[in-house]
Amino acid sequence: MNEKYERQMKKGVFDMLVLKLLEQEAKYGYQLIYEMAEKSQNVFQLKEGTLYPILYRLEEEKFVVSQWSEPEGKQVPRKYYKITEEGRKALQEISHIWEQICTGIACIMEDKV
């Protein structure tokens, strides 16, 4: 039962976390997966099958754009994702909503009136 609730709670924050990771620089999929796990102390361990639909949806919403890298030497081309100005605005809005949700949850869980 715990896995069900954990999955549902995490699902709602993935867009925000991916946009946050892209805020400073463009990144490719595996890099996002690695950084998400590392920065969250392994709380968020995404699989490719979870990440790429998120990236495609964010791209469809014009919050990110993608571009293939030019291969150098034996390196294979990678698809990099970069946050757009619309994505930055969305990140601010989503972050604000997230803060309100966390505050509301804390009030209930701590039984504040």
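This write-up is about the structure you can find in this document. Since this is a predicted model, take the numbers as computed values, not measurements.

**Observations concerning the sheet that holds strand β2 (residues 64–68)**
- Read from one edge of the open sheet, three strands run β1-β3-β2, paired in antiparallel fashion. With partners counted over all chains shown, the strands left at the sheet margins are β1 (27–28) and β2, one partner each.
- Across the face of the sheet, helix α4 (residues 48–60) comes into contact with β2 and β3 (79–83) while running at roughly 50° to β3.

**What to know about the packing of aromatic side chains**
- Counting across every chain of the model gives three aromatic pairs.
- Here tyrosine 28 and tyrosine 80 contribute two aromatic rings whose centre-to-centre distance is 5.4 Å and whose plane-to-plane angle is 80°, an arrangement assigned as edge-to-face. You can see tyrosine 28 sitting in strand β1 and its partner tyrosine 80 sitting in strand β3, a full 52 residues away along the chain.
- Ring geometry for tyrosine 52 against tyrosine 56: centres 6.1 Å apart, planes inclined by 40°, an arrangement best described as tilted.

**Points about the pattern of salt bridges**
- One pass over the full model with this rule turns up five salt bridges.
- Among the salt bridges present, the one from glutamate 6 reaches lysine 10, with a minimum N-O distance of 2.6 Å. Placement of both glutamate 6 and lysine 10 in helix α1 (residues 2–11) is noted, with a separation of four residues, approximately one turn of the helix.
- Note that glutamate 25 and lysine 27 form a salt bridge whose closest N and O atoms lie 3.8 Å from each other.
- Of the residues examined, lysine 27 reaches a relative accessible area of 3% and is grouped as buried.

What counts and how
Residues numbered from 1 in each chain as written. Predicted model: local features only at pLDDT ≥ 70, side-chain atom pairs only at ≥ 80, totals over all residues. Heavy atoms only, no water. Pairing = 2+ DSSP bridges. Helix = DSSP H or I, 4+ residues; strand = E, 2+ residues; numbered from the N terminus. Contact = heavy atoms within 4.5 Å. Axes fitted to C-alpha atoms, helices over the stretch in contact; angles between N-to-C directions. Phe/Tyr/Trp six-rings, centres within 6.5 Å; stacked < 30°, edge-to-face > 60°. Salt bridge = Lys/Arg side-chain N within 4 Å of Asp/Glu carboxyl O. Buried < 20%, exposed > 50% of the residue type's maximum accessible area, 1.4 Å probe, protein only.

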